[in-house]
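Coordinates in review
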Amino acid sequence: MSGNDSINGNKVGQMRPEDIVVEVNNVWKIFGKDPQQVLNSDIKSSSKEEILEKTGCVLAMKDISFKVNRGEVFVIMGLSGSGKSTLIRCILRLIEPTTGSILIHGKDICQFKRRQLDYLRTHTTAMVFQHFGLFPHRTVIDNVAYGLQIRGMSRKKRHARAEEVIKKVGLKGWEKYYPGSLSGGMQQRVGIARALATDPEILLLDEPFGGLDPLIRRQMQDELFDIQAEFKKTILFVTHDLHGATRLGNRIALMRNGEIIQIGTPQELITEPKDEYVRRFVQDAILAKVLTASSIMSQPGVTLYEWHKPDQALQMLAAKEADHAFVVDRSGKFLGLLNAQNLSEQRRGQSVIGAMEKITNTCTPESSVESLFPLAAASKHPIPVVDEDGKLLEQVETSAIFNSMIRRTEEEKGAGVS
Amino acid sequence: MLEFPSFINIPLAEWVDAGMRWLLTNFSAFFDTVGEGILGVLLNIENFLLWLPWPAVLLIIGLLGWWTMRRWWAGLLMAGMMLIIGSFGYWDLSMMTLAIIIASVILSLVLGIPLGIAMAQNKFIESVIRPVLDAMQTMPSFVYLIPALMFFGLGKVPAVFATIIYAMPPVIRLTNVGIRQVPESVIEAAKAFGANSRRILFDVQLPLSMPSIMVGINQTTMMALAMVVIASMIGAKGLGLEVLLAINRIEVGRGFEAGLSIVLMAIIIDRITSSMAAQQQNKLKSMVGS
Ligand SMILES: Nc1ncnc2c1ncn2[C@@H]1O[C@H](COP(=O)(O)OP(=O)(O)OP(=O)(O)O)[C@@H](O)[C@H]1O
Ligand SMILES: [Mg+2]
């Protein structure tokens, strides 16, 4: 096994092999009578419809490859029937891939014996199903505790743990009910609780928030977000909800007819869609929520240190024909904004500090463009972009904010401005 | 007239006889053990039923009726029917019949439920057993007496053996059906949490197919009861033999009493077991929510 690992490590290149939790390599899934025959003939490169027409086989996954890193939220999106559920099932071998390899922690689970597979499913992974898959003859608490029961935990312990998780998903008081007496949304939450109860390292979620109303969906997303942030879980997440995906996902894989069309960050998908399908798919995304300051920021015009004399400062501003400058201290920490007009009125001062306007409205590169709107409205100068330590990095100009929105509208009209 | 040519002659009877002889000579030890096993089960049950004082039996039947049908008067009715059987002077004979039924049903379930499970889980086993079950259903019940006689001679053991063979198909079939109708999504969920096939069977498949299995048990019990009269032809004592004797001697009154006793017994057993099945069904329905 160790020999294998090093080979994989070399292939991966820049990523450290131990950081890759799930690796899917050239996986195909063909449903039907004779999948191998389809695979061995040239027809496999034609479209899903054509394959169905000529062979009667359904091409559900076509040459799928990707890697998911530790602690990453990997979102899988695509229209109905594009193969999302099939893909996520294959990762647990609930569906056997027709060909290809699936590595979890560097081990090819397609070679696993039943025992090893059961161990993996009990101790490493947990899944939420699109159609819940609850046990109708077990109470809510026994549903939630099932994974722990398989692990052999005592009844008392697993019920205590299950109660905790049930509370988290907002179903306290429903422990003794059967799933049949719960609404669809509540059943979905039982499914989520069942997956969380085992505290798995890898979570496979197939539309976990599908049947939930917006309010609870938001709540569940927050919960998932917290869990992910706190315990650095690796999450594979199928969803139809683009906003949720952009909120939670590090990367999104967009599928169509069994193929992955594009993998990228939400921003990449929106700003650089690979084709018309991707563009149409993401066009619903509220751009301002997805775009971050980092994609529209630019170099600040003039940056001054706090020890600059007003005279020097005026010269520098004049040289660049600027009407304002950012002021930083000697470590590069952002202090405030200097207006050319104020400066000329106080040119006899000791340093630029006297004429400086203190500004608290800064943003970070990760701030969404949406959060910049009020800042832009409050000031007629650019918004400074700082890092966590308050050091000035770049700036966002008001015009850049509007441009990012306008460019998109024009693209939609077909103006073709890039 | 054109006679059927004698040269077209399949000596099936000889082949079957030869096969039977071969079985008997080579497996007589096996049949002896099986026979002893059956006899052991039967005698224990019979002795216990005959040892029970009659009021205790009435009480048990009454309580069972009350508990399964959830009405006190239903229990009273069941006990009343048993009392009528006793009043005909058939108490001991009815207990013997009951013992044969109970022994046959227990053995049918012990064999039939695992067979049904195996059938549901393995296509090959199903493809072998299904035609056999179909054939058994169309075969007249008398036919089962012949191999029973050959293997075990006259007496109680062949009666129970023939009853088992005759009564087992429904429970096999309904166990199979019950397990197959368990939704794939639920099994998949159990798998996803690492349940192996044994756990899936006991945690998911059996509990969810319980209503179907209970219907199978009810039908098997009724089939066993129907076989009682026929089984008495090969020497099983009990109500069946009474009917047979009455028919032979053309004693209409006696035959009527014995026949009525069998009918009453059938009603008692059917009501109790089918109510149990219905209970299971309702229980599951209330969980699943319709
Ligand atoms: N057991 C099966 N037998 C045959 N075809 C199947 C089977 N399961 C899935 N498919 C086919 O595979 C394709 C992908 O299905 P899949 O369920 O993965 O889609 P999906 O992306 O999850 O869709 P949705 O968003 O509706 O859940 C579909 O064309 C479907 O018909
Ligand atoms: Mg799906």
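Residues numbered from 1 in each chain as written. Chains lettered and ligands numbered in written order. Predicted model: local features only at pLDDT ≥ 70, side-chain atom pairs only at ≥ 80, totals over all residues. Heavy atoms only, no water.

Quick notes on the overall build of chain B
- When helices and strands are counted, chain B shows 11 helices and zero strands.
- For chain B, the succession of helices and strands along the chain, N to C, is α-α-α-α-α-α-α-α-α-α-α.
- By principal-axis analysis of the C-alpha atoms, chain B measures approximately 65 × 55 × 45 Å.
- Burial statistics for chain B: of 290 residues in total, 46% are counted as buried.
- Look at the contacts in chain B between residues 6 or more apart in sequence, and 76% of them connect residues 24 or more apart.
- A total accessible area of about 15,200 Å² is found for chain B, and carbon and sulfur atoms account for 70% of it.
- Averaging the locations of the 17 positively and 16 negatively charged side chains of chain B gives two centres separated by 12 Å. (Helix = DSSP H or I, 4+ residues; strand = E, 2+ residues; numbered from the N terminus. Buried < 20%, exposed > 50% of the residue type's maximum accessible area, 1.4 Å probe, protein only. Contact = heavy atoms within 4.5 Å. Areas by Shrake-Rupley, 256 points an atom, 1.4 Å probe, with all protein chains shown as cover. Lys, Arg positive; Asp, Glu negative; His and termini not counted. Charge placed at Lys NZ, Arg CZ, Asp CG, Glu CD.)

Considerations on the coordination of the magnesium ion (ligand 2)
All names here are of chain A.
- Within the protein, the atoms that donate to the magnesium ion (ligand 2) are Ser85 (OG) and Gln130 (OE1), at distances of 1.9 to 2.2 Å. Here Ser85, found in helix 4 (residues 84–90), pairs with Gln130, found in the loop between strand 6 (125–128) and helix 6 (140–144); they are 45 residues apart in sequence, far enough to count as distant.
- A relative accessible area of 27% places Gln130 in the partly exposed class. (Donors = N, O, S within 2.8 Å, 3.2 Å for Na, K, Ca; no water.)

A closer look at the site of ligand 1
All names here are of chain A.
- In the vicinity of ligand 1, 15 residues are found, and the nearest of them are Ser80, Lys84, Ser85, Thr86 and Gln130.
- For ligand 1, an oxygen atom lies 2.5 Å from a polar atom in the side chain of Ser80.
- Contacts to ligand 1 include Ser85, whose side-chain N or O atom sits 2.7 Å from an oxygen atom.
- Coverage of ligand 1 by the protein amounts to 63% of the 630 Å² it exposes when considered alone.
- Elements with a minimum of two residues in the shell around ligand 1: strand 2 (58–69) and helix 4.
- Of the residues forming the shell around ligand 1, the biggest block, three residues, is contributed by helix 4.
- Residues of the shell around ligand 1, tallied by class, amount to four nonpolar, eight polar and three charged. (Near = heavy atom within 4 Å. Polar contact = N/O pair within 3.5 Å; in protein donor to acceptor, adjacent residues only side chain to side chain. Nonpolar A, V, L, I, M, F, W, Y, C, P; charged D, E, K, R; others polar.)

Some thoughts on the nonpolar core
- In terms of nonpolar packing, the biggest core is built from 95 residues, with Phe66(A) and Leu236(A) touching the most fellow members.
- Examining the composition of this core, we find that seven residues originate from one element, helix 9 (residues 184–197) of chain A, more than from any other.
- Excluding residues that lie within four positions of it along the chain, Phe66(A) makes contacts with Val22(A), Glu23(A), Val24(A), Phe74(A), Leu87(A), Ile91(A), Leu236(A), Ile260(A) and Ile263(A).
- Counting 74 residues, the second largest nonpolar core, distinct from the first, contains Val157(B), Ala167(B), Val171(B) and Leu201(B). (Core = buried A, V, L, I, M, F, W, Y, C linked by side-chain atoms within 4.5 Å.)

Some remarks on the confidence of the model for chain A
Residue and element names in this part refer to chain A.
- Put simply, chain A has an average pLDDT of 84, and 92% of its residues get 70 or more.
- Below pLDDT 50 for its whole length, residues 1–13 participates in seven contacts with residues either more than four positions away or in separate chains.
- Taken together, the stretch residues 414–418 has pLDDT below 50 and engages in six contacts with residues farther than four places along the chain or on a different chain. (pLDDT = per-residue confidence, 0-100.)

So, the interface of chain B and chain A
- The partner chain A presents 25 residues to the 20 residues of chain B that form the contact.
- Summing both partners gives a buried area of about 1,900 Å² for chain B against chain A, and 64% of it is carried by carbon and sulfur.
- Its largest share of buried area at the contact with chain A, chain B owes to Glu188(B), Phe193(B) and Met287(B), together 38% of the area lost on that side.
- The interface formed by chain B and chain A contains one salt bridge.
- Where chain B meets chain A, there are three residue pairs in polar contact (both at pLDDT 80 or more).
- Sorting the residues of the side of chain B that touches chain A by element identifies helix 8 (184–192), helix 9 (197–231) and helix 11 (252–288) of chain B as the ones contributing at least two each.
- Examining the composition of the side of chain B that touches chain A, we find that seven residues originate from one element, helix 8 of chain B, more than from any other. (Buried area = accessible area lost by both parts, 1.4 Å probe. Salt bridge = Lys/Arg side-chain N within 4 Å of Asp/Glu carboxyl O.)

Thoughts on the packing of aromatic side chains
- What the rule picks out here adds up to 16 aromatic pairs over all chains.
- Judged by centre distance (4.8 Å) and plane angle (50 degrees), the ring pair of Trp174(A) and Tyr177(A) falls under tilted.
- According to the relative accessible area criterion, Tyr177(A) is partly exposed, its value standing at 42%.
- When the ring of Phe326(A) is compared with that of Phe334(A), the centres are 5.5 Å apart and the planes differ by 80 degrees; the resulting orientation is edge-to-face.
- Ring-pair connections join several aromatic residues into one group, and the members of that group are Phe30(B), Phe31(B), Phe151(B), Phe152(B) and Phe161(B). (Phe/Tyr/Trp six-rings, centres within 6.5 Å; stacked < 30°, edge-to-face > 60°.)

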